[in-house]
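As a plain string of letters, each chain reads:
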Amino acid sequence: MTGDEAPEPAVFRRVLGHFGTGVTVVTGTDGERPVGFACQSFAALSLDPPLVLFCPARTSRAWPVLERAGRFCVNVLAESQQPVSTVFGRSGDDKFAGLRWHPAPSGAPILDGVLTWIDCDIEAVHEAGDHYIAIGRVRGLGETTAEAPLLFYRGAYAGLAATPQAPPTDLDLFLTTIHPDDWL
């Protein structure tokens, strides 16, 4: 491939699939009915002001509802919630059937059992290829749990392998204190 050629979509997907991501469900409401979709393209963006971003597909049926509402909630899924991700990753009318949830301060659904949640107002939306980049200003945060996260890696769900934790060395302690603001 030369610099002027776009990569084949299958190659692009395979290569970028080697970057593991967490799995979230982005939710909202049309005022009466809850909507949501599974989303791996989610990231923290800024501490000051507190901003996050996610990338809905242009073909998403839920995204226009969330955009009109002007607010959304990101539900960070636990490893045990793979079936929830599967439901929200498919097309369907009532993805909330049989699921327990309660409203975030914005009214957007917080799914029971999530690791945590992030409640946001839409700050900006940018067109980007076959997706949008939606930036949200964080208005509320949920408590966190000690459960393992649901991850996606190389085209499949993945979990964290338990690794023995050695006590920190002097170098570990030094490295964690030299540039605390470099990581969000």
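Small disclaimer: the values here were computed from a predicted structure and weren't measured.

Mind showing me how you'd approach the overall build of the protein chain here?
Each helix and strand in the protein chain was counted, giving four helices and 12 strands. Within the span of the protein chain, comprising 184 residues, buried residues form 32% of the whole. Across the protein chain, the fraction of contacts at a sequence separation of at least 24, relative to all contacts at a separation of at least 6, is 64%. If you sum the accessible surface of the protein chain, you get close to 11900 Å²; carbon and sulfur atoms cover 56% of it.

Can you walk me through the sheet that holds strand 12 (residues 156-158) in this structure?
Picture the strands of a sheet paired through backbone hydrogen bonds; they go either parallel or antiparallel. With antiparallel pairing, three strands are arranged side by side in an open sheet as 1-11-12. Pairing within the sheet leaves two strands with one partner each, and these edge strands are strand 1 (21-22) and strand 12. Two elements, strand 11 (residues 151-153) and strand 12, share three bridges in a ladder whose sense is antiparallel. Pairing of Tyr153 across the sheet is with Ala156, part of strand 12.

Whenever I open this one, helix 2 (residues 62-69) confuses me. Can you help?
Because an α-helix packs 3.6 residues into every turn, residues spaced three or four apart end up facing the same way. Taken residue by residue, helix 2 has Ala62, Trp63, Val65 and Leu66 as its buried positions. Down the axis of helix 2, the sector holding all buried residues measures 160°, keeping them to one side. Those residues of helix 2 that are buried lie in contact with strand 2 (24-29), strand 3 (34-39), strand 5 (51-54), strand 6 (71-76), strand 9 (116-128) and strand 10 (131-141). Gly70 occupies a position one or two residues after helix 2 and carries a positive phi of about 80°.

What exactly am I supposed to notice about the sheet that holds strand 4 (residues 42-46) here?
The strand order 3-2-6-9-10-5-4 describes an open sheet built from seven strands, whose pairing is antiparallel. Edge positions in the sheet fall to strand 3 and strand 4, since each has one partner strand and no second. Strand-to-strand twist of the sheet, defined as the mean angle between neighbouring strand axes without regard to direction, takes the value 35°. One ladder, built from six bridges, connects strand 6 with strand 9; its direction is antiparallel. Note on strand 9: the bridge partner recorded for Cys73 is Asp119. Where helix 3 (residues 82-89) meets the sheet, its contacts fall on strand 2 and strand 3, and the angle it forms with strand 3 comes to roughly 110°.

Whenever I open this one, the environment of Ile133 confuses me. Can you help?
Position of Ile133 among the secondary structure elements: in strand 10. Separated by 77 residues in sequence, Ile133 and Pro56 place their C-alpha atoms 7.0 Å apart. What Ile133 contacts, discounting residues up to four positions off in sequence, is Leu53, Phe54, Cys55, Ala124, Val125, His126 and Ala128.

Can you help me understand unusual backbone geometry in this one?
Leave glycine aside and you will find that most residues have negative phi; peptide bonds, for their part, are mostly trans. The omega torsion across Asp48 and Pro49 is 5°, close enough to zero to call that bond cis. Looking at the element boundaries, Pro49 is found in the loop between strand 4 and strand 5. For Arg154, which is not a glycine, the phi torsion comes out positive at approximately 55°. With respect to the helices and strands, the residue Arg154 is situated in the loop between strand 11 and strand 12.

What exactly am I supposed to notice about the nonpolar core here?
Proteins that are soluble and globular tend to have nonpolar side chains buried together. Val26, Phe37, Phe54, Leu66, Phe72 and Ile118 are the most contacted members of the largest nonpolar core, which has 20 residues in total. For this core, the secondary-structure elements that each account for two or more residues are strand 3, strand 5, helix 2, strand 6, strand 9 and strand 10. Of all the elements, helix 2 adds the most residues to this core, at four residues. Once residues within four sequence positions are removed from consideration, Phe72 is found in contact with Val26, Thr27, Val52, Phe54, Leu66, Ala108, Ile118, Asp119, Cys120, Asp121, Ile122 and Gly136.

About the thresholds
- What you see as residue numbers is a count from 1 along each chain, following the sequence as written.
- For a predicted model such as this one, the threshold for reporting local features is a pLDDT of at least 70, and the threshold for listing and counting side-chain atom pairs is 80 or more; totals across whole chains, interfaces and linings nevertheless cover every residue.
- Water and hydrogen atoms were dropped before computing side-chain values, which therefore reflect all heavy atoms in the structure.
- Helix and strand labels come from DSSP, where a helix needs a run of H or I of at least four residues and a strand needs a run of E of at least two; each type is numbered from the N terminus.
- Buried residues are those whose accessible area, probed at 1.4 Å on protein chains only, stays under 20% of the maximum for their type, while exposed residues exceed 50% and partly exposed ones sit between those limits.
- We call two residues in contact whenever any of their non-hydrogen atoms come within 4.5 Å of each other.
- Throughout, the Shrake-Rupley method with a 1.4 Å probe supplies accessible areas, and for residues the shown protein chains are the sole cover considered.
- By the convention used here, strands pair only if DSSP detects at least 2 bridges between them.
- Of all possible arcs, the one meant is that of the directions from the helix axis to the C-beta atoms.
- Here an axis means a line fitted to C-alpha atoms, over the contact stretch when the element is a helix, while the angle between two N-to-C directions is reported on a 0 to 180 degree scale.
- The set of buried Ala, Val, Leu, Ile, Met, Phe, Trp, Tyr and Cys residues whose side-chain atoms join them within 4.5 Å is what this entry labels a nonpolar core.

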